[in-house]
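# Notes for the structure review
So the chains spell out like this:
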Amino acid sequence: MSTPPVDPHLPAVHLRPPRNWINDPNGLVFHDGHYHVFFQYNPYGPQHANVHWGHFRSPDLVTWEELPVALDPTPGGDDADGCFSGNAVSIGGRLVAFYSANRTGRWWQPITTAESHDGGHTWAKRPELLIPQPPADTTMYRDPYVWQEEDRWRMLVGSALSDGRGAAQLYESTDLDNWQHLGPFAADAPRPLPGGTDTGAGWECPQYAFWPAPDGVGRQGLLIISTWDHDAGPQATAAYSGRETLDGTFHPAAPVRLDHGPDFYAPALLRAPDGRWLLWAWSWEAREPTWVGEAGWAGLLTLPREIALTADGTVHQQPAREVTALRGEQLLYATGPVQTDPVALGEVGSTFDLTARLTPPPGHPGGLRLATSADASEHLDVLVDADAGEVIVDRSHASRDPRAVGGTYRIPYPAARSGAPVELRMVVDRSVVEVFLSTGEALTLRFYPDSDAPWSLQARSVDFTVQAWNLAAPAEPGPGTQDALHAHHPIPAQGAPCP
């Protein structure tokens, strides 16, 4: 039998297996010298079904090894219809995974665990559920997130309350086996977020990061939740920054949208050994299911990001510093003043890392065009609208295939109104683009060029300085491993709603 051609939209440097369905990142943990990234995975096809936990690990966030599937549903068991979302902790030489046990027809997903004593190669599930019943007055319940604080463990679980609010339920334990429910850690009625969505009737995949408070009293906290609607399902991701007082009470500020793109959901956190908070998310497909079925894969994980809070509580994201190690040859360096006609900057591959400084004239949006056809009729635009104080990413013409989703998306950048230049970084990987502003804002979206022409960059109506580098997979990691970042045989991805 002949080998089918590699899908040109399959990512080269974003984590995913070579085939089938993936969604939420799960179980992010540093253990025994390796970063471990688990994820929701259907090993049998590109649909959201048969949910297992897939597994990668890396010593450096650059070279990735695929390990055997970690968790699979137990026929007739509490997780017979899926080992859904959760996280993992490293303690005493073992890994403990906390996850949601799914059974069709049961509206809540009880919390349970599995353990590994060999670095995640094999797992043993606990014989009974850890938390079998949800709290009273809940109408949705799933997705544990566990972390350690000195002599206690804390757990958040996503939920919807019967009064219409989304909530993160708080539990505490001294031994990981016996948990006391303390009530909601935070709860909120649906309220608008930029981009036409809101904070949801239910909260999925709650995550929590924290830092010392600037004034030394209590600490800064960041609660990240994935917003869920009873009818429409997964929507967006919201972040509540705030102050956690000495008694453990969280006092959140107004929510903000964590990522301004349409294809970002269910982010998960990992605290690195050096104290940084790292984040991965699921980027789902933005093309019709028939096309997904033909391709044989769906979903991918974003590149790892560093996430932090500024002194005033502003969320700041940027690619993890290790991502720079994926840069290969410099593809172009160009600088120039505003011109009326488009300026050709040069060819780029379909996988590249770009930095830019852009200043458009008042009254006329300008920026960069990634042309993916010879005549540039198929293109992705990244523009600065100084009058509106926004950076615009427009994929309306990014694919000539009508099965691809279009749309225009915006990142706030108020300083542009006063003429300040926009400094940004953009990572493009075949069918995904991640844009990061120097202000810490981010935007993720998927696009599917249909032309086989070389890709090139143009500057349009903007004062510009642009650099771009090819992104290359690292060398083979060594005997007996698989490189999940291999440019010709990545470990594909796609997503499904955060279960």
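Thresholds applied
- Residues numbered from 1 in each chain as written.
- Predicted model: local features only at pLDDT ≥ 70, side-chain atom pairs only at ≥ 80, totals over all residues.
- Heavy atoms only, no water.
- Helix = DSSP H or I, 4+ residues; strand = E, 2+ residues; numbered from the N terminus.
- Rg over C-alpha atoms; globule rule 2.2 N^0.38 Å.
- Buried < 20%, exposed > 50% of the residue type's maximum accessible area, 1.4 Å probe, protein only.
- Areas by Shrake-Rupley, 256 points an atom, 1.4 Å probe, with all protein chains shown as cover.
- Pairing = 2+ DSSP bridges.
- Axes fitted to C-alpha atoms, helices over the stretch in contact; angles between N-to-C directions.
- Salt bridge = Lys/Arg side-chain N within 4 Å of Asp/Glu carboxyl O.
- Core = buried A, V, L, I, M, F, W, Y, C linked by side-chain atoms within 4.5 Å.
- Contact = heavy atoms within 4.5 Å.

Our focus in this paragraph is the overall build of the protein chain. Along the backbone of the protein chain there are 1 helix and 37 strands. In terms of overall dimensions, the protein chain is globule-like: its C-alpha atoms have a radius of gyration of 22 Å, near the 23 Å expected for 499 residues. With the C-alpha coordinates of the protein chain rotated into their principal frame, the extents come out at 65 × 60 × 40 Å. Out of the 499 residues belonging to the protein chain, those deemed buried represent 60%. Summing over all exposed atoms, the protein chain offers an accessible surface of approximately 18700 Å²; the carbon and sulfur share of this is 51%.

On to the sheet that holds strand β35 (residues 442-446). Read across the sheet, 6 strands follow the order β26-β37-β28-β33-β34-β35 without closing on themselves; strand pairing throughout is antiparallel. Of all the strands in the sheet, the pair left with one neighbour each is β26 (327-336) and β35. Geometrically, the sheet is characterised by an average inter-axis angle of 15° between neighbouring strands, direction not taken into account. The sheet contact formed by strand β33 (residues 422-429) and strand β34 (residues 432-437) spans 5 bridges and is antiparallel. Looking at the pairing, Val 427 lines up with Glu 434 of β34.

Before going further, it helps to spend a moment on the pattern of salt bridges. A full pass over the atoms with the stated rule returns 36 salt bridges. Here Glu 285 and Arg 446 are joined by a salt bridge, their closest N and O atoms 2.9 Å apart. In this pair, Glu 285 is assigned in the loop between β21 (277-283) and α1 (289-295) and Arg 446 in strand β35, connecting sequence segments 161 residues apart. Among the charged side chains, a salt-bridge network with shared partners connects Glu 149, Arg 152, Arg 154, Glu 172, Arg 219 and Glu 244.

The next point concerns the nonpolar core. Counting 38 residues, the largest nonpolar core has Leu 345, Leu 354, Leu 370, Leu 424, Met 426 and Phe 464 as its most contacted members. When sequence neighbours within four positions are dropped, the list of residues in contact with Leu 424 reads Leu 354, Thr 355, Ala 356, Leu 358, Val 382, Phe 436 and Leu 437.

What follows deals with unusual backbone geometry. The phi dihedral of Asp 32 falls on the positive side, at around 50°, and the residue is not glycine. The topology assignment puts Asp 32 in the loop between β1 (20-31) and β2 (34-42). Under the relative-accessibility criterion, Asp 32 is labelled exposed at 68%. Of note, the phi angle at Ser 461 is positive, near 55°, even though the residue is not glycine. For Ser 461, the location among the structural elements is in the loop between β36 (455-460) and β37 (463-471). We classify Ser 461 as buried; its relative accessible area is 12%.

Where burial is concerned, most of strand β3 (residues 52-58) is hidden: 7 out of the 7 residues are buried. Taking every second residue as pointing to the same face, both faces of β3 are buried, with His 52, Gly 54, Phe 56 and Ser 58 on one and Trp 53, His 55 and Arg 57 on the other. As judged from the 2 bridges shared by β3 and strand β4 (residues 65-66), these two strands associate in the antiparallel manner. Bridging across to β4, Phe 56 finds its partner in Glu 66. Here β3 folds back onto β4, and the loop between the two strands holds 6 residues, one of which, Leu 61, carries a positive phi near 70°.

Along the chain, Ile 411 falls in strand β32 (residues 408-412). By relative accessible area, Ile 411 is classed as buried at 0%. Linking Ile 411 and Asp 312, residues 99 residues apart in sequence, is a C-alpha distance of 20 Å. Contacts of Ile 411, omitting those with residues within four sequence positions, involve His 260, Gly 389, Glu 390, Val 391, Val 435, Leu 437, Glu 441 and Leu 443.

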